[in-house]
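# Topology and contacts: notes
If you want the building blocks of each chain, they are given just below.
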2 protein chains.
Amino acid sequence: MVSVKDIAARCKVSVATVSKALNGYSDISKEKREYINAVAKEMGYYPNSAAIALKTNRTYNIGILFLDAAHNGLTNEHFARVLQGVKEEAEARGYDITFISNHIGGRTMTYTEHCHYRGVDGVVIACIDFDAPEVVELVNSGIPVVTIDHVFHSTTSVISDNVKGIHDLVKYAYDMGHRRIAFIHGDDSSVSRDRLASFYRTLDELKVDVPEEYVLVCPYRDTKRAAEMTVQLLSCKEPPTCILYPDDFTAIGGINVIEQRGLKIPADISVMGYDGNSYARAMEPPLTTLEQDSDALGRSAAAHLIHMIEKPKTALVERVVVGGKVLVGRSVKKL
Amino acid sequence: MVSVKDIAARCKVSVATVSKALNGYSDISKEKREYINAVAKEMGYYPNSAAIALKTNRTYNIGILFLDAAHNGLTNEHFARVLQGVKEEAEARGYDITFISNHIGGRTMTYTEHCHYRGVDGVVIACIDFDAPEVVELVNSGIPVVTIDHVFHSTTSVISDNVKGIHDLVKYAYDMGHRRIAFIHGDDSSVSRDRLASFYRTLDELKVDVPEEYVLVCPYRDTKRAAEMTVQLLSCKEPPTCILYPDDFTAIGGINVIEQRGLKIPADISVMGYDGNSYARAMEPPLTTLEQDSDALGRSAAAHLIHMIEKPKTALVERVVVGGKVLVGRSVKKL
DNA sequence: TGGGGATGCGAAAACGATTTAGCAATTTGG
DNA sequence: CCAAATTGCTAAATCGTTTTCGCATCCCCA
C-alpha cells in the first residue's frame with residue numbers, strides 16, 4: 001500500500017506537506033497541491049482509515065443497532081428497507097456502516113463498549129427493545145444516537161407517522177362506508193400505543209362507536225394468532241365489516257381463515273394491513289394497507305445522525321416525523 | 001477512554017508488560033498477568049481497534065458485498081437471511097461486518113479500493129453481478145474472498161445446491177403423478193443455468209418428455225412477467241399440470257392469474273416455488289417450494305472466510321454445497 | 001533599507017497499540 | 001562456585017496519519 005511517506009519521497013517534499021495538500025489546506029501553493037494530488041492519484045494512493053481514526057478520533061463509520069438473530073429484524077421487509085435507507089444515505093455522505101452487537105468473539109460487551117471499541121462516530125438504533133438497560137446506557141453514553149420509531153427525551157428520533165397512518169386508514173374505511181371497524185393491534189411498544197390511541201381518537205372524531213370486543217392484540221407477524229383473533233371477531237354478535245391488522249403479514253393469516261369459512265374478500269368482509277410490503281401488492285385481491293416510507297425513515301435517520309456528528313453545535317434534539325400513505329388495494333368494499 | 005498506558009501507570013509496569021499480559025503472552029508471570037487483567041477490567045479498558053489495526057494490519061472486520069440500492073438485495077428474504085447468517089457467524093468468531101460499496105462520500109472507488117481503505121480482513125460476495133469487472137478485480141486482488149452462489153476458479157465458494165433442489169422438486173412432482181411439468185426459470189446467472197440443466201436432466205432420467213413450450217424465462221421477483229408466462233403456459237395445446245416458478249414471489253403472480261381464470265390450486269393445476277419464504281408458508285394453500293438453507297449459506301461463507309483469514313496456509317479453494325429441502329405445502333395435487 | 005506581514009513549507013510530536021531486542025535477576029548444571 | 005540457561009520485564013521503534021509551531025523567504029511600504 002502506498003502511504004503519504006511514499007508520495008512525499010516521490011515529490012521530494014515532507015509528509016506534512018503531502019497531508020496538507022491532500023486535505024486541501026490553504027498554506028500549500030496551488031501548484032504544489034495540484035502536483036501532489038496528481039502524483040497521489042497516479043500512485044494509487046488511498047488513505048489508511050485506521051491511521052486516520054487513530055489520529056483524529058473519527059472513523060467515518062456509523063454503527064447500526066438492529067434486533068438480533070432470533071427475532072430476525074433483517075428479514076422483516078419494512079426494517080430491511082429502513083436499513084437500506086440508512087446505508088444509502090450514509091454512503092452518499094462518506095460513511096460506512098457497521099452492525100453493533102452485544103457479543104464479539106467470546107467476550108460479551110455492551111453495545112456501548114462495542115461502539116467505543118470500533119470507534120463509530122454515531123449509531124442508528126432501530127427495531128429493538130428500547131427499554132433494555134443496554135440500550136438506555138447507549139443512548140445516555142454521549143455517543144451521537146438517532147432512534148427510529150421510538151422517542152427518548154434526550155435524543156433525536158425519526159418516527160413513522162403512526163398516528164396519521166392509522167387515522168388515514170380508518171378514515172378511508174369510514175369513507176368507504178364502514179362503521180363497524182375492528183383493530184387487531186400489535187403487542188406492546190410505543191409504536192403500537194400510538195396506533196391504538198389514533199384508532200380510538202379517529203373513530204371518536206368520526207362519532208363511531210368502538211365495541212370493546214373489536215379491539216384485540218396480536219404479536220406482529222404472527223399469522224396463527226391473527227387467525228385466532230379473526231375467528232374471534234367473526235363470531236361476535238355483530239361482526240365487524242372491516243378488520244385492520246397489525247401488519248401485512250398478519251393480514252394473510254386473517255385472510256386465510258376468512259376464506260376458509262367461505263367468506264369472500266372484500267365482498268363479505270374487508271381487511272386492511274399495515275406496512276406496504278411487496279406481497280401486499282402482489283396478492284389477490286391487492287391488500288389495502290398503509291405504505292410506510294421505510295426508505296425515507298432510514299435516510300432521514302442517517303442524515304440527522306451525520307449532522308449531529310459533523311456539526312454538534314447546531315444539532316438540536318428533534319422529532320422527525322415521516323409520513324406514509326394509504327395504498328389502495330381491493331380488499332376494502334364500498335358499502 | 002482508558003488505554004494501556006493508563007493501566008501501566010496504575011500497575012507500575014511498562015506498557016509492553018500490559019500488552020503482553022492482556023494478550024496472554026507467556027513471558028509474564030502468572031501473578032502479574034492476573035493482576036493486570038483484573039486492573040484492566042476494573043478500569044473498564046477496551047482496546048482501541050484503530051490502533052490495533054494500524055499496528056497489526058488486522059481489523060477483525062469483514063466486508064460484505066451485496067447488491068446495491070436499485071435492485072434492493074436486502075429486501076429479498078433469501079438474501080436477508082444469508083446476510084443474517086454471515087453476521088451471526090462472524091460475530092460469534094469475533095468479527096464485525098461492514099458493507100462494501102463502490103462509492104463513499106463524493107468519490108467513487110472500486111470495491112477493492114474500498115476494502116483496502118477500510119482494511120477489511122476478507123470479503124463475502126453475494127447477490128451481485130459476478131461478471132462485473134470490479135467484482136473480478138476484487139476476486140483477484142489477493143484479499144481473501146468467499147463467494148456465495150457463484151463459482152470462480154480461484155476462490156472458495158459456498159453454493160446452494162440448485163441441482164439437487166430442482167431435482168428434488170421435480171422428483172416430488174413426478175412422484176405425485178405429474179408428467180407435464182413446466183419450468184419458468186430465472187434470468188441469466190450461474191444459479192439459473194444450474195437449475196435449468198438440472199430440470200432437463202432430472203426429467204430425462206425420469207424419461208419424461210419436455211416440450212419446448214414448457215420452458216420459459218422470467219426475471220426473479222417479477223410477478224407481472226410471471227403472470228404473462230403463466231398465461232402462455234395455460235394456452236398451450238396441452239397445458240402443463242404443474243408449473244415450477246423461479247421463486248416464491250413470482251409464484252404469486254402465477255397463482256393470481258390462474259385463479260383469475262377460475263382455476264383452482266391445486267385441483268386444476270399445481271404450482272411450486274423456490275426459496276421457502278415466510279409468505280410461502282403463510283399463504284393458502286401453502287406453497288410447495290424448495291426451502292433453501294439461506295442461513296447456513298451465510299454461516300458457512302463466513303466460517304470459511306475466517307478460516308482463510310486466520311490459517312491461510314491450511315485453506316484450500318473449496319466448493320461448499322449447502323442443501324435445501326422440499327417444503328411440502330398443498331399446492332401440488334396427487335394425480 | 002529595513003521592519004512587519006504574508007506565504008509556503010518542514011520537523012517533530014502524537015494517537016494507542018504491538019513487538020523486537022536486550023538487560024537483570026534468578027535458576028540450573030557441571 | 002562459576003558459567004550458562006532461563007525467566008521476567010522494559011525501552012524504544014513502529015504502523016500511517018494529522019497538526020502545531022517555527023523557520024525561511026518574499027513582498028510591501030515607509
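Residues numbered from 1 in each chain as written. Chains lettered and ligands numbered in written order. Predicted model: local features only at pLDDT ≥ 70, side-chain atom pairs only at ≥ 80, totals over all residues.

Another aspect to go through is the overall build of chain A. A count of helices and strands for chain A gives 13 helices and twelve strands. Whereas a compact globule of 335 residues would reach a radius of gyration of roughly 20 Å, chain A reaches 26 Å, over 25% beyond that. Counting only C-alpha atoms and orienting by the principal axes, one finds that chain A spans roughly 90 × 40 × 35 Å. Here chain A, with 335 residues, has 50% of them falling under the buried criterion. Considering only contacts within chain A whose residues lie at least 6 apart along the sequence, 68% involve residues at least 24 apart. (Helix = DSSP H or I, 4+ residues; strand = E, 2+ residues; numbered from the N terminus. Rg over C-alpha atoms; globule rule 2.2 N^0.38 Å. Buried ≥ 20, exposed ≤ 12 C-beta atoms within 10 Å, placed from the backbone. Contact = placed C-beta atoms within 7 Å.)

Near DNA strand D you find 28 residues, and of these Ser-3, Ala-16 and Ser-19 of chain A together with Ala-16 and Thr-17 of chain B are the closest. Secondary-structure elements contributing two or more residues to the surface near DNA strand D are helix H1 (4-11), helix H2 (15-22) and helix H4 (49-56) of chain A together with helix H2 (15-22) and helix H4 (49-56) of chain B. (Near = placed C-beta within 6 Å.)

All names here are of chain B. Ordered by their spatial adjacency, six strands build an open sheet running S7-S6-S8-S9-S10-S12, and the pairing between neighbours is mixed. With one partner strand each, in any of the chains shown, strand S7 (215-217) and strand S12 (325-327) form the two edges of the open sheet. Each strand of the sheet is rotated relative to its neighbour by a mean of 20 degrees, with strand direction disregarded. Of the pairings in the sheet, the one linking strand S6 (residues 181-185) to strand S8 (residues 242-244) comprises three bridges and is parallel in character. Residue pairing for S8: Ala-182 is matched across the bridge by Ile-243. (Pairing = 2+ DSSP bridges. Axes fitted to C-alpha atoms, helices over the stretch in contact; angles between N-to-C directions.)

Let us look at the relation of the copies chain A and chain B. For the pair chain A and chain B, the relating rotation is 180 degrees, the translation along its axis is 0.0 Å, and the fit reaches an RMSD of 0.0 Å. Taken together, these values place the two copies in the relation of a two-fold axis. Of all interface residues in chain A, 100% are interface residues in chain B too; the two copies therefore contact each other through one and the same surface. (Least-squares fit on C-alpha atoms with pLDDT ≥ 70 in both.)

Glancing now at the interface of chain A and chain B. On the side of chain B, 45 residues touch chain A, which itself brings 45 residues to the contact. Going through the elements one at a time, H4, helix H5 (77-92), strand S2 (96-99), helix H6 (111-118), helix H11 (248-260) and helix H12 (278-282) of chain A are the ones with two or more residues in the side of chain A that touches chain B. No other element matches H5 of chain A, which puts eight residues into the side of chain A that touches chain B. Here the side of chain A that touches chain B is built from residues that sort into 20 nonpolar, 14 polar and eleven charged. (Nonpolar A, V, L, I, M, F, W, Y, C, P; charged D, E, K, R; others polar.)

Residue and element names in this part refer to chain B. If you trace the backbone, Asp-275 turns up in strand S9 (residues 270-275). The spacing of Asp-275 and His-153 is 122 residues in sequence and 26 Å in space, taken between C-alpha atoms. Residues contacting Asp-275, with those up to four places away along its chain left out, are His-78, Asp-247, Asp-248, Thr-289 and Gln-292.

A separate point is H2 of chain B. Residues and elements named next belong to chain B. Buried within H2 are the following residues: Thr-17, Val-18 and Ala-21. For H2, the arc enclosing every buried residue in end-on projection is 100 degrees, short of the 170-degree limit, so these residues lie on one face. Packed against the buried residues of H2 are helix H1 (4-11) and helix H3 (30-43). In the stretch just after H2, Gly-24 is the one whose phi turns positive, near 70 degrees. (Arc of directions from axis to C-beta.)

By nearness alone, 28 residues border DNA strand C, and Ala-16 and Thr-17 of chain A together with Ser-3, Ala-16 and Ser-19 of chain B come closest of all. If you list the elements that add at least two residues to the surface near DNA strand C, you get H2 and H4 of chain A together with H1, H2 and H4 of chain B. Of the residues in the surface near DNA strand C, the class split is 14 nonpolar, eight polar and six charged.

Geometric values such as these leave the question of function open.
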